[in-house]
Amino acid sequence: LIRALDEGDVSVHLSLGECYRQLGELDGAERHYEHAHALEPDAVGPLTSLGEIHERQGLVLKAHEAYTEAARRAPRSGYARYLLGRDAPKEFEPQ
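None of the values given here were measured: they were computed from a predicted structure.

Engineer: Residue-level account of the overall build of the protein chain, with values.
Structural biologist: Regarding its fold elements, the protein chain presents five helices and zero strands. Reading the protein chain from its N end, one meets helices and strands in the order α-α-α-α-α. Excluding contacts between residues fewer than 6 apart, the proportion of contacts in the protein chain whose partners are at least 24 apart in sequence is 41%.

Given below as structure tokens:
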């Protein structure tokens, strides 16, 4: 059951991003999550997924920025707040 690629469908890009992530193709995953974010800038899912990809790429500050933006856009999102707190760079953590 193949679904035709619709460039304007956020769910297609989120699904493709997840497929690329599972294959370890982080650049491909990042590209699709960025496309999903561009299509729905207020959606939290693309931002948290981008943060997770950046984290796996070792881009800690970029991941932190994505998590911060996700938590800002959806302050009630427990997952975004969890990611933000869990992966805060050391210089952002209280002493």
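Engineer: Which residues make up helix H2 (residues 26-39), and what are the values?
Structural biologist: The end-to-end C-alpha distance of H2, which contains 14 residues, comes to 20 Å, matching closely the 20 Å that a straight helix rising 1.5 Å per residue would cover. If you check which residues of H2 are buried, you get Leu 26, Gly 28, Ala 29, Glu 30, His 32, Tyr 33 and Ala 36. Packed against the buried residues of H2 are helix H1 (10-22), helix H3 (44-56) and helix H4 (60-73).

Engineer: If you had to explain the nonpolar core to someone new, which residues and values would you point to?
Structural biologist: Of all hydrophobic cores here, the largest spans six residues; its members are Val 44, Leu 47, Ala 70, Ala 71, Ala 74 and Ala 80. Taken together, the elements giving at least two residues each to this core come down to H3 and H4. Leaving out residues up to four positions away in the same chain, Val 44 has contacts with Ala 70, Ala 74, Ser 77 and Ala 80. If you look at the next biggest cluster of nonpolar residues, it comprises five residues, including Leu 26, Ala 29, Tyr 33 and Leu 50.

Cut-offs and rules
Residues numbered from 1 in each chain as written. Predicted model: local features only at pLDDT ≥ 70, side-chain atom pairs only at ≥ 80, totals over all residues. Heavy atoms only, no water. Helix = DSSP H or I, 4+ residues; strand = E, 2+ residues; numbered from the N terminus. Contact = heavy atoms within 4.5 Å. Expected span 1.5 Å × (residues − 1). Buried < 20%, exposed > 50% of the residue type's maximum accessible area, 1.4 Å probe, protein only. Core = buried A, V, L, I, M, F, W, Y, C linked by side-chain atoms within 4.5 Å.

Any functional reading would require information that these geometric values do not contain.
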